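Residues per chain are reported as follows:
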Amino acid sequence: MDITYTYQKKRSEFGRQCLFSDRGPDLIDNYPSNKKLAKEFILRDPVHRGTLCAPIQAEHYLNTMRAEYTSSSMNHVEGGWPKDVNTADEEQTKRYRRKIEKDEGFNHTMMQLFKSMENCIQQNNAINIYQQYFSDVEPTPLVERSSARTVNVYQDQSTPTRPVNWISWSPDNQSKLAITHCNLKFQSAIPKETAVSYIWEVENPNRPLLTLKPEHPCVCLEYNQKDPHSLVSGQRNGQVAVWDIRKGYEPVEQSLIENSFRDPVHSVLWIHSKSGAEFFSASTDGQVKWWDIRKLSEPTDTLLLDYAKDEDQAIGNALGASCLEYESTIPTRFMTGTEEGIVISCNRKGKTAMEKMAARFNAHMGPVLALQRNPAFVKNFLTIGDWSAKIWTEDCRESSIIWTGFHRAMLTDGAWSPTRLSVFFTTRTDGILDVWDVLQQQKQACLSVKVCDEKLRRIRTHDMGRLVAVGNQKGTTYLVEFSENLATSNKNDKVLLTAMFERESRREKILEARNREIRLKQKSKQPQQNEPIDDEQIQENLPALSDQVFSDNMVKQAEADFYGVFEKEKKAAEPPAAEEEVATLESASTATVTDQETVTEPVSKPEPAKPEGKGKKKKAP
């Protein structure tokens, strides 16, 4: 309640002089204190109170009149016509235009109007800083730095961990990964080792989607590209099995052990067929078998990798298959990489074994660990072995057309990029993933990524090109994503790569023809094998025969350099006294020759050299 006081004064007293006097204060109103309210009092400690000591300043605003602008447009299709001209009549408008254009001041007036019109037009246009002014010059693309990053990590859930042996992407937008873990060390007995493999969702690396539990560890596991629920696997004991993930974690059907392989199945691939139920597999026992999942008790066909006639073939002489390659656009042909470093190009339509194994390539000094055709150039294929990667063409069998240098660490696997045709990936035992682009540089990789410290074993590329799954020795799989420039092809890449492959193939053909001529010449110089040769004749012709055998100039030069260095080091190691004795013996062994007969006098032993006569040679008596 507000305190008010009414001051009353008579009208007659208005305007009179005020008379003041001293008097005490008058109590107008009194409010006694309420002790009950003291209990509700709250003590503030500490107390924060702000005090402004500066004078208060007020800010004033002044509103001024603003000019308002509006944007408007005008249609100048017809222009300004005089009243006596009907714009709907085409003849009148043409006649009036010709009249105006013939006027002397028309050009002068238009030149003055062009400047103001150009200024107005340029104000309405946005400036393009990337505008190409010269049409005959191709614009330089923006250079993007190559980069890579690890997206997800999928670990082996069992203890102890096992190496990654195979990786397969699912056909349903490749949102799943099938990864097999198996220890292929010969006669290794690892306690508590499990035989399970896993199917992972790409976006969930914490827990596998499904755990496959076979009787024996799976070495390879491949998705059916027509059915995302069907898989086929090759096991360590030589059997093959068919899986349906809708029916559980156990195989639906397995092959009989007596009709299977003797060694672990190292590769299995689906065949492009109408039924979508056929696949083939290979093992290191030297056999390639074709199967049908509708009748898995026995293989439909078997090929022994023994380069001999059908009646002379033996499984003991067969070449062990380490990897397979199959291109769906060539349904009857496939390629096999062997443990002996030989790549065999096979044709299933051949009637005999010699026709089925039509071509052979001596690719590497050790086993062929990876074999894959280029996705756009099916004649060219990539092989990985020992310490190098090589690109071959089917037209040249003696040598590869492009190859990398020998690495310090051994290469384990490789694959082409499905989207950028000139790029392929290689994995190494030191944990580095290399990205090669043959159009940019051939001497070294354009990007090297240190994925982990362990040995990398397997690589599989995603169909979109940017994702790559890499497995290592400890059972861990890394999902690596690359930059856009490593996954996108330019418009000229295919043309340039075609020209490069043709040029290198032509060069290798010329070298092969030259080597063939040299071998024919050497063969014609050698003596015929039908004529008997005596021992004396062999001794007489030994230098000539050795020259024919070692007719390579590089070998001769290497031998000459070796013996030259050897003689120099031998002379430098001999003491001076030994040189004098040799010289004395050589001078003492001289003989006198007459016209009628040759007489050799006995040579007396030389006296021991005196210390002061070391530098002089003694004459023979």
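Refer to the structure printed above.
The structure presented is a predicted model; accordingly, all values stated were derived computationally and were not measured.

Looking now at a nonpolar patch on the surface. Nonpolar side chains collect at one region of the surface, where Met111, Phe114, Met117 and Ile121 lie side by side and expose about 390 Å² of accessible area between them. Topologically, phenylalanine 114 is positioned in helix α3 (residues 106–124). By relative accessible area, which is 37% here, phenylalanine 114 ends up partly exposed.

Taken together, the side chains of Asp310, Glu311, Asp312 and Glu355 present a region of like negative charge at the surface. Among the structural elements, aspartate 312 can be located in the loop between β13 (301–304) and β14 (321–326). According to the relative accessible area criterion, aspartate 312 is partly exposed, its value standing at 49%.

Counting across every chain of the model gives 15 aromatic pairs. Arranged with centres 5.8 Å apart and planes meeting at 70°, the rings of phenylalanine 280 and tyrosine 326 form a pair that is edge-to-face. Here the residue phenylalanine 280 occupies a position in strand β11 (residues 278–283), and tyrosine 326 occupies one in strand β14, the gap between them amounting to 46 residues. Like tyrosine 326, phenylalanine 280 is buried.

The omega torsion across threonine 159 and proline 160 is 0°, close enough to zero to call that bond cis. Backbone geometry at asparagine 173 places phi at a positive 60°, although glycine is not the residue there. With respect to the helices and strands, asparagine 173 occurs in the loop between β2 (164–169) and β3 (176–181). Assessed through its relative accessible area of 74%, asparagine 173 is described here as exposed. Here glutamine 174, not a glycine, exhibits a phi torsion of approximately 50°, which is positive. Along the polypeptide, glutamine 174 turns up in the loop between β2 and β3. Of the residues examined, glutamine 174 reaches a relative accessible area of 10% and is grouped as buried.

Here the focus is the side chain of serine 230. Within the element layout of this structure, serine 230 appears in strand β7 (residues 227–235). With relative accessibility at 8%, the residue serine 230 sits in the buried group. Discounting residues that sit within four places of it in the chain, serine 230 has contacts with Glu222, Tyr223, Asn224, Trp243 and Trp270.

Another aspect to go through is the sheet that holds β3. In space, the four strands of this open sheet follow the order β2-β3-β4-β5, with antiparallel pairing throughout. Since the sheet does not close on itself, it has two edges, and those belong to β2 and β5 (210–212), each with one partner. Geometrically, the sheet is characterised by an average inter-axis angle of 20° between neighbouring strands, direction not taken into account. Bridge count for strand β4 (residues 197–201) against β5 is three bridges, and the pairing is antiparallel.

This paragraph deals with the environment of alanine 389. By secondary structure assignment, the location of alanine 389 is in strand β20 (residues 388–393). Each C-alpha atom, one on alanine 389 and one on threonine 404, is 5.5 Å from the other, the two residues being 15 residues apart in sequence.

A few words on empty space enclosed by the protein. Any empty space left between the atoms is revealed when a probe the size of a water molecule rolls over them. Summed over the entire model, instances satisfying the criterion amount to two cavities of 30 Å³ or more. Looking at the largest cavity, its volume works out to about 60 Å³. Forming the boundary of the largest cavity are Ala389, Lys390, Ile391, Ile402, Trp403, Thr404, Phe424, Trp436, Val438, Gln441 and Gln442. Those elements giving two or more residues to the lining of the largest cavity turn out to be β20 and β21 (402–403). Top element by residues in the lining of the largest cavity is β20. It accounts for three residues. For the lining of the largest cavity, the class distribution of residues is seven nonpolar, three polar and one charged. Each pocket or cavity is described by its volume, and for the second largest cavity that value is around 50 Å³. Together, Ile271, Phe280, Trp290, Tyr326, Pro331, Thr332, Arg333, Phe334 and Arg348 line the second largest cavity. Residues of the lining of the second largest cavity, tallied by class, amount to six nonpolar, one polar and two charged.

Looking now at the pattern of salt bridges. Under the definition given, this model contains 25 salt bridges. Across the pair arginine 458 and aspartate 413 runs a salt bridge whose closest N-O atoms are separated by 3.5 Å. Here the residue arginine 458 occupies a position in strand β26 (residues 456–461), and aspartate 413 occupies one in strand β22 (residues 411–416), the gap between them amounting to 45 residues. Of the charged contacts in the structure, one is a salt bridge between glutamate 504 and arginine 507, with a shortest N-O distance of 2.9 Å. Pair noted here: glutamate 504 and arginine 507 are both in helix α5 (residues 493–525), with a separation of three residues, about one helical turn. Using a relative accessible area of 34% as the deciding quantity, one classes arginine 507 as partly exposed. Because the salt bridges share partners, they merge into one network encompassing Arg149, Arg466, Glu481 and Glu484.

Another aspect to go through is the side chain of threonine 461. For threonine 461, the location among the structural elements is in strand β26. Apart from the residues lying within four places of it in its own chain, the contact partners of threonine 461 are Trp169, Ala415, Trp416, Pro418, Phe425, Leu467 and Val468.

About the criteria used
- Along each chain, residues carry numbers from 1 onward, in the same order as the chain's sequence is written.
- With the structure being a predicted model, the display of local features is reserved for residues of pLDDT at least 70 and the display and counting of side-chain atom pairs for 80 or more, all residues being used for whole-chain, interface and lining totals.
- Side-chain metrics rest on all non-hydrogen atoms present in the structure, leaving aside hydrogens and water.
- A residue counts toward a patch only above 30% relative accessible area and without a salt bridge, and it is joined to like-charged neighbours within 9 Å or, for Val, Leu, Ile, Met, Phe, Trp and Tyr, to nonpolar neighbours within 5 Å.
- Under the convention used here, a 1.4 Å probe and the Shrake-Rupley method define accessible areas, while residue burial counts only the protein chains that appear.
- By convention in these notes, a salt bridge is any Lys or Arg side-chain nitrogen within 4 Å of a carboxyl oxygen on Asp or Glu.
- Working definition: helices are DSSP H or I runs of at least four residues, strands are E runs of at least two. Numbering for both runs from the N terminus.
- Think of it in three bands: residues with accessible area under 20% of the maximum for their type are buried, residues over 50% are exposed, and the middle band is partly exposed, with areas taken using a 1.4 Å probe on protein chains only.
- Charged residues are defined narrowly, with Lys and Arg counted positive, Asp and Glu counted negative, and His plus the chain ends left uncounted.
- A charged residue contributes its charge at one atom only: NZ of Lys, CZ of Arg, CG of Asp or CD of Glu.
- Only Phe, Tyr and Trp rings are paired, with Trp represented by its six-membered ring, and only when their centres lie within 6.5 Å; those with planes under 30 degrees apart are stacked, over 60 edge-to-face, the remainder tilted.
- Whether two residues touch is decided by their heavy atoms; if any such pair falls within 4.5 Å, the residues are in contact.
- Should DSSP find at least two bridges between two strands, the strands are taken to pair.
- Fitting a line to C-alpha atoms yields each axis, with helices limited to the stretch in contact; the angle taken between N-to-C directions then spans 0 to 180 degrees.
- Lining residues are those with an atom within 4 Å of a point, where the points come from a 1 Å grid over the protein atoms alone and group into cavities, where a 1.4 Å probe fits but cannot get out, or pockets, open sets with protein on both sides within 12 Å along at least five of seven lines.
- Grid points are joined across faces, edges and corners, and a volume is the space filled by probe spheres set on the points.
- Classification convention: Asp, Glu, Lys, Arg as charged; Ala, Val, Leu, Ile, Met, Phe, Trp, Tyr, Cys, Pro as nonpolar; all other residues, Gly among them, as polar.

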